Amino acid sequence: MPSQSPPPAPPVLPISEHEDEIVAAVDAHPVVVVIGETGSGKSTQLSQILHRRGYTRRGPIAVTQPRRVAAVSVSRRVAQELGVPLGDEVGYAIRFEDRTSERTCIKYLTDGVLLRESLSNPELKQYSVIILDEAHERSLNTDILLGLMKRLIKDRASDLKVLITSATLDGLKVSKFFSGCPVLNIPGTLFPVEKFYSTERPTNYIESSLRTAIDIHAKEPPGDVLIFMTGKDDIDKMVSKLEERIQNLEEGSCMDALVLPLHGSLPPELQVRVFAPAPPNCRRFIVATNVAETSLTVDGVVFVIDCGYVKQRQYNPSSGMYSLDVVQISRVQADQRAGRAGRTRPGKCYRLYPMSIYEKEFLEATVPEIQRSSLAGSVLYLKSLNLPDINILKFDFLDPPSRESLEDALRQLYLIDAIDENGHITDVGRIMAELPLEPSLSRTLIEANELGCLSQALSVAAILSAEITLRSTRSKDVGGKRKRHELPDGSGWGDHVQLLQIFESWDQTGYDPKWCSDHDLQVRGMKLSKDVRNQLCQIIQKIAKGPTDVHARKSRKNDPDYRKLRRALCVGYGNQLAERMLHHNGYHTVGYRAQLVQVHPSSVLEADEYGKFPMYVVYHELISTTRPYMRNICAVDQAWVEPILKKLEKLDVNRLSGGSSAPKDSEPLEDKQVNAPKKAVDVKQSEVDSKIQAARERYLARKGKK
DNA sequence: GAGCACTGC
């Protein structure tokens, strides 16, 4: 938008009428909670109001957003309203992109970026005001920032102002958290939405949605229909069935219809179709996942069909395992979905569940992410802040994660040397915290730098954090006419090596997008991995004292078996180690609580000539679907495993958590048993292992010659 | 022999 164009007329938003009230509250209190529904203007106006009233004289205002697109679009809007070029007085900062300057006094940023900034400036002294927007979404990062803000206002009580803004957040709860701070309510501009409930839960919610959709199409006036489903499969089914039913309707009995799927894995060019307005005399049916609940706003929606379910990823700290489950939505979520029908005019929401279920079975609010995630990264971050008298187990969270989850994080961090046996952050841990990666990958990079395979590890870390999904290399092409190119196979060592080979092959083509599509790799994801890699290079070159070799290239010549890289991975994933069963190819995880797990069928890890997988592997994650699986696996040598087993023997979670270091005798017996690591490797097993290993080496040598 | 909701540094 050219800055010369006249600024648009300032919108009349509900928040404008509350300006004095807001300023008075902020003047008098360090923390203020602002509850504002959709359309209240809180995201664009609060910062401008405080800017107008002189708050930016002491420093810029930071406004956090949970999503990148929001940070960009809201800042663009504010710059426009103020009639200034974006990046001057008003700017934004997101990963890979900083559009701010010394003159910037209103800065929109993702909450992740603010957390990163606080690493180098724990008191965030540069800011006069920090606004945590959309706090009701309770992202992991927002929750950590909430805890941090509580500490900051104690330390900086004299000058820092904090505003917590949200659509539906329980204001009283947050106010209580911030020792009774004021709560302001700003009305929104949503139109009323009439809600209809089913008399009972349908046995088949696709069929039920289908009937409701056809019913709306036949009886209701124009207006688009938004249908919430749990996943891609259901969406695809729904789209084809709906199209079929609409075709079967009597010609001329209804207006035209257009059915559009909408979910995150849809290529961007198909996603944007939902932003184009409906053709004349045509009703659109948008069949969507949760993306349509908050991330993407579809205009023209008047009817919502809500199945009452959502697919959610959860972490179980006692097993270290993730699962992806279909769970009931919360009342907040149900209301958010319904609200999507009332953006342009009064709407209707059809809930495919009885009111009694909404009232009695649904949780009030969605379980916050902090209670559903592995906390190793967050705990490491908090440790690295050097906050005085910090006890992780007692850190003041709005909704504290379980003790089990925090202890799990401490154990993981200890096993990869980020904290010492007393729970204090180590020098290695400090470097790890600087890297925007999961702790295991950060640790791998540091070790790789020592071992002289940094460039390989950078490629692996980058491509793993971009979460590229690979076409299965084992499945045969079924009569496809298009020539498909085979992906590298990891040389039998597993998925990390395969990912490295993929990145290096792509690098050799000069990052040719066609190479990606030829190999069925998403261009978007591959580009992201390149950006991530560049960012990691910059950070690590800044931290590293000595020279670093970061250039990607075909790297196999010097180390044909990728021993250095696999060794670095073994150290980095010291908390994610598994040992094979003696007589079959199942594994058990090594560590706190042994889990029986399988190699994921998509893995390229190869068995030896006897059909046996390697004795030891490290894995990127455990995921429980039809069975518990290890995903992204790398074969490691037994010799490299010994130090990890030694550490496991020494592990004492009471000391890690900074609890009273009671003498060992007084510890409850129960705890000791739980903490006792599995006995290392018995003699027979190691004999078998060395035989297998020898056979494997011969086999691979043969294969190499061929 | 599986199958993946959504974000973010």
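Counting restarts for each chain: residues are numbered from 1 in the order of the written sequence. Lettering for chains starts from A, numbering for ligands starts from 1, and both go in the order in which the items are written. At least 70 in pLDDT is required for a residue's local features to be given in this predicted model, at least 80 for side-chain atom pairs to be given and counted, and no such filter applies to totals for whole chains, interfaces and linings, which use all residues. Only hydrogens and water are set aside when side-chain values are computed; all heavy atoms of the structure are taken into account.

(A) Quick peek at the overall build of chain A. Scanning chain A from terminus to terminus reveals 24 helices and 21 strands. Buried residues are those whose accessible area, probed at 1.4 Å on protein chains only, stays under 20% of the maximum for their type, while exposed residues exceed 50% and partly exposed ones sit between those limits. A buried classification covers 54% of the 706 residues belonging to chain A. Two residues qualify as a contact provided that any one of their heavy atoms is within 4.5 Å of a heavy atom in the partner residue. In chain A, once contacts between residues fewer than 6 apart in sequence are set aside, the share between residues at least 24 apart is 75%. Under the convention used here, a 1.4 Å probe and the Shrake-Rupley method define accessible areas, while residue burial counts only the protein chains that appear. A total of about 32,700 Å² of accessible surface is found on chain A, and carbon and sulfur atoms cover 51% of it. Strands are runs of DSSP state E lasting at least 2 residues, helices are runs of H or I lasting at least 4, and numbering of each runs from the N terminus.

(B) Expanded view of unusual backbone geometry. Unusually for a residue other than glycine, Glu 134 sits at a positive phi of about 55°. As for its placement among the helices and strands, Glu 134 is situated in the loop between β6 (129-132) and α5 (140-155). The buried category is assigned to Glu 134, whose relative accessible area is 17%.

(C) Structural context of the sheet that holds strand β12 (residues 282-288). The six strands are arranged β9-β16-β13-β10-β12-β11 in an open sheet whose pairing can be described as parallel. Edge positions in the sheet fall to β9 (193-197) and β11 (256-262), since each of these pairs with one other strand and no more. Across the sheet, the axes of successive neighbouring strands diverge by a mean angle of 20°, strand direction being ignored. Paired strands are those between which DSSP finds at least two bridges. Strand direction decides the pairing type here: strand β10 (residues 224-228) and β12, joined by four bridges, are parallel. In this analysis, axes come from line fits to C-alpha atoms, helices being fitted only over the stretch in contact, and the angle between any two N-to-C directions falls in the range 0 to 180 degrees.

(D) Molecular detail of the pairing of strand β16 (residues 347-351). By the criterion of burial, β16 is predominantly enclosed, with four of the five residues buried. Two strands pair when backbone bridges link them, and β9 and β16 are joined in this way by five bridges, in the parallel orientation. Within the sheet, the bridge partner assigned to Tyr 197 lies in β16 and is Arg 351.

(E) Representation of helix α4 (residues 111-120) in the model. Of all ten residues in α4, seven are buried; the element is thus mostly enclosed. Every buried residue belonging to α4 is among Asp 111, Val 113, Leu 114, Leu 115, Glu 117, Ser 118 and Leu 119, and all of these are buried.

(F) Molecular detail of the pattern of salt bridges. Every case where a carboxyl oxygen of Asp or Glu lies within 4 Å of a side-chain nitrogen of Lys or Arg is listed as a salt bridge. All chains considered together, the criterion is met by 33 salt bridges. For Arg 211, the salt bridge goes to Glu 207, with nearest N and O atoms at 4.0 Å. Here Arg 211 and its partner Glu 207 are both found in helix α7 (residues 205-219), four residues apart, which amounts to about one turn of the helix. By relative accessible area, Arg 211 is classed as exposed at 51%. Of the charged contacts, one joins Asp 637 and Arg 563 as a salt bridge, the two residues approaching to 2.7 Å between their closest N and O atoms. Of this pair, Asp 637 sits in the loop between β21 (628-636) and α21 (638-650) while Arg 563 is found in helix α20 (residues 563-572), placing the two residues 74 residues apart along the sequence.

(G) Region of interest: the environment of Asn 534. For Asn 534, the location among the structural elements is in helix α19 (residues 523-543). On the basis of relative accessibility, which here comes to 40%, the residue Asn 534 falls in the partly exposed class. In this structure, the C-alpha to C-alpha distance between Asn 534 and Leu 458, residues 76 residues apart in sequence, is 9.0 Å.

(H) Expanded view of the packing of helix α12 (residues 376-384) against helix α13 (residues 403-415). At their nearest, the axes of α12 and α13 sit 8 Å apart, and the two run at 75° to each other. Relative to α13, the element α12 lies roughly perpendicular. Contacts between α12 and α13 involve Ala 376, Val 379, Leu 380 and Lys 383 from the first element and Leu 406, Ala 409, Leu 410, Gln 412 and Leu 413 from the second. Its residues assigned to classes, the contact of α12 with α13 shows seven nonpolar, one polar and one charged. With respect to orientation, any angle under 35 degrees is reported as roughly parallel, any angle over 145 as roughly antiparallel, any angle of 65 to 115 as roughly perpendicular, and every other angle as oblique. Charged residues are taken to be Asp, Glu, Lys and Arg, nonpolar residues to be Ala, Val, Leu, Ile, Met, Phe, Trp, Tyr, Cys and Pro, and polar residues to be all remaining types, Gly included.

(I) Structural detail: the sheet that holds strand β1 (residues 31-36). The sheet built from eight strands is open, its strands ordered β4-β3-β5-β2-β6-β7-β1-β8 with mixed pairing. Two strands lie at the open edges of the sheet, namely β4 (97-99) and β8 (183-186), each paired on one side alone. Direction aside, the axes of adjacent strands within the sheet are offset by 20° on average. Taken together, the five bridges between strand β2 (residues 61-65) and strand β5 (residues 106-110) define a ladder with parallel strand orientation. In the strand pairing of β5, Thr 64 is matched with Leu 109. Relative to β8, helix α1 (residues 19-28) is tilted by about 165°, and along the sheet it contacts β1, β7 (161-166) and β8. Those strands touched by helix α3 (residues 68-82) are β2, β3 (90-94) and β5, and its axis lies near 170° from that of β3.

(J) Fine view of the packing of aromatic side chains. Any two of the Phe, Tyr and Trp rings considered here, Trp counted by its six-membered ring, make a pair once their centres fall within 6.5 Å; the pair's planes then place it as stacked at under 30 degrees, edge-to-face at over 60, or tilted in between. Per the stated rule, a full pass over the model turns up twelve aromatic pairs. For the pair Phe 196 and Tyr 350, a centre-to-centre distance of 5.0 Å together with 15° between the ring planes defines the contact as stacked. Separated by 154 residues along the polypeptide, Phe 196 in strand β9 and Tyr 350 in strand β16 bring together distant segments of the chain. In this structure Tyr 350 comes out as buried when scored by relative accessible area, which is 15%. Ring centres of Tyr 205 and Tyr 309 lie 6.3 Å apart, and the angle between their planes is 45°; on these two criteria the pair is classed as tilted. Linking Tyr 205 in helix α7 with Tyr 309 in strand β14 (residues 309-316), this pair joins segments that are 104 residues apart in sequence. Note on Tyr 205: relative accessible area 16%, which makes it buried. A residue is classified by how much of its surface remains accessible, and Tyr 309, at 22% relative accessible area, is partly exposed. Each member of the aromatic cluster is reached from another via a ring pair, and the members are Tyr 197, Tyr 353, Tyr 358 and Phe 362. The ring centre of Tyr 511 lies 4.9 Å from the NZ or CZ of Lys 530, which sits over that ring. In this analysis the charged atom, NZ for Lys or CZ for Arg, is taken to sit over a ring once it is within 6 Å of the ring centre and within 35 degrees of the ring normal.

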